[in-house]
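# Structure assessment
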Amino acid sequence: MSISIAARNLILEMEGFSSKPEWPGGQSGVTIGFGYDLGYVTVDQFESDWGERIRRDAGRRLKAVVGLRALRARNRVGEFSNLRVSRKAAAQVFDTRTLPLFELRTAQAFPGAAALPEDARGALVSLVYNRGTSMVDNSPEDRRREMRAIRAATAAGDRAEIAAQLRAMKRLWEGKGLGGLITRREKEARLVESAMA
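The text that follows walks through the structure, step by step, so that each part is easy to find. (Residues numbered from 1 in each chain as written. Predicted model: local features only at pLDDT ≥ 70, side-chain atom pairs only at ≥ 80, totals over all residues. Heavy atoms only, no water.)

A count of helices and strands for the protein chain gives nine helices and three strands. Across the protein chain, helices and strands are ordered from the amino to the carboxyl terminus as α-β-β-β-α-α-α-α-α-α-α-α. In summary, the protein chain has a C-alpha radius of gyration of 17 Å against a globular reference of 16 Å for 197 residues, a match within 12%. If one aligns the C-alpha atoms of the protein chain with their principal axes, the spans along those axes are about 50 × 35 × 25 Å. (Helix = DSSP H or I, 4+ residues; strand = E, 2+ residues; numbered from the N terminus. Rg over C-alpha atoms; globule rule 2.2 N^0.38 Å.)

Take a look at the structure:
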């Protein structure tokens, strides 16, 4: 399941590139390159993805924070202030390892995604890259309501409803100083709509 160049560029733009390890906040782990979150990979996956693309000592140091998230990651990120990854290596990891994995996760989470146009598929990959694949949330605000609605709309091939639910999801971040997520959902919705012409 491939995505469009426009969708790839959207993900890269919204994730941004970080040459040095950082902690984006929330439940994130230490993150490198184009949103590569060490909190959500295994040591084997990290070694397979980055392997010869970073110096051996850098890889050894980063393995120490694989699996750490939230405050545990925040408390360790300062250890890497002198470590750098190259943009070229990060792009290679993104294109050859990370993107194919998230395309697969998207196809599994949203049955019918493979039948959508590349722009619409790419919007869903961006969503999964950012929010994961969980559909369950028992909190009073039900933070996964729109994810379930998008799953149903994807199965029905209803691109207008996918775009509408991406926009509806903005409710989760309004007034919380997270304008980047609101912008991302809007750009994803527009990408889906571009596939409706």
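Now that the structure has been shown, we can carry on.
A full pass over the atoms with the stated rule returns 18 salt bridges. Each member of the salt-bridge network shares a partner with another, and the members are Arg167, Lys170, Glu186, Arg190 and Glu193. (Salt bridge = Lys/Arg side-chain N within 4 Å of Asp/Glu carboxyl O.)

Listing the buried residues of helix H3 (residues 56–63) in full gives Ala58, Gly59 and Leu62. Taken down its axis, H3 places every buried residue within 100° of arc, on the same side. Exposed residues pointing more than 90 degrees away from the buried face of H3 are listed as Arg56 and Arg60. Buried residues in H3 make contact with strand E1 (18–22), strand E2 (31–33) and helix H2 (43–50). (Buried < 20%, exposed > 50% of the residue type's maximum accessible area, 1.4 Å probe, protein only. Arc of directions from axis to C-beta. Contact = heavy atoms within 4.5 Å.)

The next subject is the nonpolar core. One recurring pattern in soluble globular proteins: nonpolar side chains tend to sit buried together. Counting 55 residues, the largest nonpolar core has Leu38, Phe46, Trp50 and Phe110 as its most contacted members. Of all the secondary structure elements, the ones that give two or more residues to this core are helix H1 (5–15), H2, H3, helix H5 (87–109), helix H6 (118–131), helix H7 (145–156), helix H8 (159–168) and helix H9 (179–194). Ignoring any residue separated from it by four or fewer positions in sequence, one finds Trp50 in contact with Ile32, Tyr36, Val85, Ala89, Ala90 and Val93. (Core = buried A, V, L, I, M, F, W, Y, C linked by side-chain atoms within 4.5 Å.)

H5 packs onto H1 with a crossing angle of 95° between their chain directions and a minimal axis gap of 13 Å. Taken together, the axes of H1 and H5 lie roughly perpendicular to each other. Residue-level contacts link Arg8, Ile11 and Leu12 of H1 to Phe94, Asp95 and Leu99 of H5. Taken together, the residues that form the contact of H1 with H5 break down as four nonpolar, no polar and two charged. (Axes fitted to C-alpha atoms, helices over the stretch in contact; angles between N-to-C directions. Parallel < 35°, antiparallel > 145°, perpendicular 65-115°, else oblique. Nonpolar A, V, L, I, M, F, W, Y, C, P; charged D, E, K, R; others polar.)

Their axes nearest at 8 Å, the elements H1 and H6 cross at an angle of 25°. When the interaxial angle is binned, H1 and H6 end up roughly parallel. Crossing hand, H1 versus H6: right-handed. The segment H1 lies against H6, with Ala6, Ala7, Leu10, Ile11 and Glu15 engaging Asp119, Gly122, Ala123, Val125, Ser126 and Tyr129. Tallied by class, residues from the contact of H1 with H6 come to seven nonpolar, two polar and two charged. (Left-handed = near helix turned anticlockwise from the far one by under 90°.)

On the basis of which strands lie adjacent, the open sheet formed by three strands has the order E1-E2-E3 and antiparallel pairing. Looking at the sheet topology across the chains shown, the edges are occupied by E1 and strand E3 (36–37). Here E1 pairs with E2 via two bridges, running antiparallel. Among the inter-strand pairings, Ser18 is bridged to a residue of E2, identified as Gly33. (Pairing = 2+ DSSP bridges.)

What the rule picks out here adds up to five aromatic pairs. Ring centres of Phe17 and Phe34 lie 5.2 Å apart, and the angle between their planes is 45°; on these two criteria the pair is classed as tilted. Highlighted residues: Phe17 in the loop between H1 and E1 and Phe34 in the loop between E2 and E3, separated in sequence by 17 residues. Seen in terms of ring centroids, Phe34 and Phe94 are 6.4 Å apart; in terms of plane orientation they differ by 65°. Their pairing is edge-to-face. With Phe34 in the loop between E2 and E3 and Phe94 in helix H5, the pair connects residues that are 60 residues apart, well separated along the chain. (Phe/Tyr/Trp six-rings, centres within 6.5 Å; stacked < 30°, edge-to-face > 60°.)

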